[in-house]
Amino acid sequence: MKEPIFLKNARLVLTMDGGRILENASVRLEDGQISRAGEIERERGDEVIDCSSSVIIPGMVNSHTHAAMVLLRGLNDDAPLESWLSSMWKVEERLTPDLERMGAEMGFLEMIRTGTTACIDMYGAFEAAEAAERVGIRMANGPPLISNFGSTEERLSQARKFIERYRHDERIIPLVNLHSIYTNDEEAMIKAGELSRKEDIPLHVHCSETRKEVFGNRRERGKLALEELDSNGCVWERSILAHLGWASSWEFNTMRERGASAVHCPNSNQKLGTGGFFPYRDLKRMGIRIGLGTDSAASNNSLDMFREMKAMALLQKGQYWDPTAALAEDALLCATVNGNDILGLRGGRILPGMNADLAIVEVDPMLMPLRSDNLMSALVYSAVGQMVRGTIIGGEIVYLDDRLRNGESLKERYSELATEVDSSLVI
Ligand SMILES: [Zn+2]
């Protein structure tokens, strides 16, 4: 049982409950959940954290990422997509389970350092789960289904093993990771869809990311990408479709009918120059749930969700020629409330009964002047992840003032891992 925590006297608390912002308020956490928030007093036995120079916000969910690809950060940057992808695959062929575990840990450390409390990951799931347990982050993952990684049956049996092992885990959330339509045949897609429905777990997939994927599939199989997934039973209410820049409006109607979720990855799409258009405002009007993801540190090159929120709001305004197309509040909603809803978690809002997944953001001078009426824009347009001072997951402090849950320094642990990786992975 964790000690109750009393986050005392925060300058501002962003509840994400209909835009309500509390001033000079405290938040009490007990049994992994938020018990109270507002002008409240501490109770006997509470661990007190002074937040008088901080703002408290719900922890963010990185809804599409490949944490271990921190190992490939900066590799062949700015190259055309095909050449960039082939340099990724060349290095990935040489990754050992140990390197994948270390890479995942580095990714998760970067996330908790910048206020992310949960992620939807796609990469060496067993290694990532070990790393996530060490760091304390919530992570949804599953062994990726990619046909050249072995037969469909072999990959599915790994997927089932992961589900069995983590089905009742508090922080590891098993899902079916179907890599994409272009790395899987129809049989694999059908089986992936069946597994996620049978187990009632999410199905996470890259979809309509590039023009080549969409029109290549239409040439070979006669269907667009989202249409292909749907015809194989992979689009349903627990499906999580990342990218979608090249999906057509009638395919989005299918998504709406099925109740599937979308994930926007603005930085990755721009850096890789994949083109297309993720129509945030239209999808929101259709009632489709939209999360926000960094994608990997190879295509971003950061896992900082503050940067992602800014990129999303700016990209949408630019593409719609309209500054109201995505507000700061929209970016925050995608990063907090929607990310939790996509995973079926009770979180993303600072309200009693919600998971105690929070970030404590230092009021840096570069956020000033800061008031309740400009807090959301300060967080989206001015803040950076390094302003996060503390991250709490399930009522446990996993990061505070450079200390990790086991007392180690985050900076030291990160450089220890980076040094080890450098010596064993010569690129
Ligand atoms: Zn991806």
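My aim in this report is to walk through the structure given alongside it, one point at a time.

Calculation rules
Residues numbered from 1 in each chain as written. Predicted model: local features only at pLDDT ≥ 70, side-chain atom pairs only at ≥ 80, totals over all residues. Heavy atoms only, no water. Helix = DSSP H or I, 4+ residues; strand = E, 2+ residues; numbered from the N terminus. Rg over C-alpha atoms; globule rule 2.2 N^0.38 Å. Buried < 20%, exposed > 50% of the residue type's maximum accessible area, 1.4 Å probe, protein only. Areas by Shrake-Rupley, 256 points an atom, 1.4 Å probe, with all protein chains shown as cover. Donors = N, O, S within 2.8 Å, 3.2 Å for Na, K, Ca; no water. Tetrahedral: all angles 85-135°; square planar, octahedral: opposite > 155°, others 65-115°. Pairing = 2+ DSSP bridges. Axes fitted to C-alpha atoms, helices over the stretch in contact; angles between N-to-C directions. Contact = heavy atoms within 4.5 Å. Core = buried A, V, L, I, M, F, W, Y, C linked by side-chain atoms within 4.5 Å. Domains from an automatic or database assignment. Phe/Tyr/Trp six-rings, centres within 6.5 Å; stacked < 30°, edge-to-face > 60°. Lys NZ or Arg CZ within 6 Å of the ring centre and 35° of its normal. Parallel < 35°, antiparallel > 145°, perpendicular 65-115°, else oblique. Left-handed = near helix turned anticlockwise from the far one by under 90°. Nonpolar A, V, L, I, M, F, W, Y, C, P; charged D, E, K, R; others polar.

## So, the overall build of the chain
Here is step 1: Looking only at helices and strands, one finds 14 helices and 18 strands in the chain.
Here is step 2: On C-alpha atoms alone, the chain measures out to a radius of gyration of 21 Å, which is about the 22 Å that the 2.2 N^0.38 rule sets for 427 residues.
Here is step 3: Across its three principal axes, the chain shows a C-alpha extent of roughly 65 × 50 × 40 Å.
Here is step 4: Looking at the chain residue by residue over its 427 residues, the buried ones come to 62%.
Here is step 5: Only carbon and sulfur atoms are counted for the fraction: they give 48% of the accessible area of the chain, which is about 17,000 Å².

## Some thoughts on the coordination of the zinc ion
Here is step 1: Of the protein atoms, only His64 (NE2), His66 (NE2), His206 (NE2) and Asp295 (OD) coordinate the zinc ion, at distances of 2.1 to 2.4 Å.
Here is step 2: The site at the zinc ion holds four donor atoms, and with the angles between them running 85 to 172°, its shape is irregular.

## Considering the sheet that holds strand S13 (residues 261-264)
Note: strands within a sheet are paired through backbone hydrogen bonds, in either parallel or antiparallel orientation.
Here is step 1: With respect to topology, five strands assemble into an open sheet ordered S10-S11-S12-S13-S14, the strand pairing being parallel. Each edge of the open sheet is held by one strand with a lone partner, namely strand S10 (176-178) and strand S14 (290-292). Within this sheet the neighbouring strands show an average axis-to-axis angle of 25°, counted without direction.
Here is step 2: Here three bridges tie S13 to S14, and the two strands are oriented parallel to one another. Residue pairing for S14: Val263 is matched across the bridge by Gly291.
Here is step 3: The sheet strands contacting helix H5 (residues 186-199) are S10 and strand S11 (203-207), and the helix crosses S10 at an angle near 160°.
Here is step 4: Along the sheet, helix H12 (residues 328-343) makes contact with strand S12 (239-243), S13 and S14, crossing S14 at roughly 110°.

## With respect to the nonpolar core
Here is step 1: Among the nonpolar cores identified, the biggest contains 66 residues, and Leu14, Leu178, Leu229, Leu244, Met255, Phe306 and Met309 are the most heavily contacted of them.
Here is step 2: By residue number, the principal contributor to this core is H12, which donates six residues.
Here is step 3: There are two domains that each give this core at least three residues, and those are domain 1 (5-59 + 346-412) and domain 2 (60-343).
Here is step 4: Excluding anything up to four places from it in sequence, Leu178 contacts Met122, Leu145, Asn184, Ala188, Met189, Ala192, Leu203, His204, Val205, His206, Leu229 and Cys234.

## Quick look at the packing of aromatic side chains
Here is step 1: All told, the structure shown has three aromatic pairs when counted by the stated rule.
Here is step 2: Seen from their ring centres, Phe126 and Phe162 are 5.2 Å apart, and the 80° between their planes marks the pair as edge-to-face. Taken together, the positions of Phe126 in helix H3 (residues 125-135) and Phe162 in helix H4 (residues 152-166) put the pair 36 residues apart, joining distant regions of the chain.
Here is step 3: Residue Phe162 is classed as buried on the basis of its relative accessible area, which comes to 0%.
Here is step 4: Between Phe162 and Tyr166, the ring centres sit 4.8 Å apart and the planes meet at 45°, which makes this aromatic pair tilted. Here the residue Phe162 and the residue Tyr166 both occupy positions in helix H4, the gap between them amounting to four residues, near one helical turn. Pair check on accessibility: Phe162 and Tyr166 agree, each one buried.
Here is step 5: One aromatic cluster in this structure is built from Phe126, Phe162 and Tyr166.
Here is step 6: The positively charged end of Lys161 is found above the aromatic ring belonging to Phe126, 5.6 Å away from the centroid.
Here is step 7: Seen from the ring of Tyr320, Arg281 lies directly overhead, with NZ or CZ sitting 4.5 Å from the centre.

## Some details on the packing of helix H2 (residues 97-113) against helix H14 (residues 410-424)
Here is step 1: Relative orientation of the contacting elements H2 and H14 amounts to 150°, with a least axis distance of 10 Å. With respect to each other, H2 and H14 are oriented roughly antiparallel. When the axes of H2 and H14 are compared, the crossing they make is left-handed. Contacts from Leu99, Met102, Glu105, Met106, Leu109, Glu110, Ile112 and Arg113 in H2 reach Leu410, Arg413, Tyr414, Leu417, Ala418, Glu420, Val421 and Ser424 in H14.
Here is step 2: Of the residues belonging to the contact of H2 with H14, the class tally is 10 nonpolar, one polar and five charged.

## Some remarks on the pairing of strand S1 (residues 5-14)
Here is step 1: By the criterion of burial, S1 is predominantly enclosed, with seven of the 10 residues buried.
Here is step 2: With four bridges joining them, S1 and strand S4 (residues 47-50) adopt parallel strand pairing. Looking at S4, one finds that Ile5 is bridged to Glu47.
Here is step 3: Between S1 and strand S2 (residues 21-30), which pair antiparallel in sequence order, lie six residues; one of them, Met16, sits at a positive phi of approximately 60°.
Here is step 4: Both S1 and strand S5 (residues 54-58) contribute to a ladder of two bridges, which runs parallel. Across the sheet, the residue bridging to Val13 is Ile56, located in S5.

## Quick notes on the sheet that holds strand S9 (residues 172-174)
Here is step 1: Reading across the sheet, the four strands line up as S6-S7-S8-S9 and stay open at both edges, with parallel pairing between neighbours. Every other strand in the sheet has two partners, leaving strand S6 (60-65) and S9 as the edge strands with one partner each. Strand-to-strand, the axes of this sheet are offset by a mean angle of 15°, without reference to chain direction.
Here is step 2: In this sheet, S9 lies alongside strand S8 (residues 138-141) in parallel orientation, the contact comprising three bridges. Looking at S9, one finds that Ala140 is bridged to Ile173.
Here is step 3: Against the sheet, H3 engages strand S7 (116-121), S8 and S9, with an angle of about 175° to S8.
Here is step 4: This element, H12, spans S6, S7, S8 and S9 of the sheet and lies at about 60° to S6.

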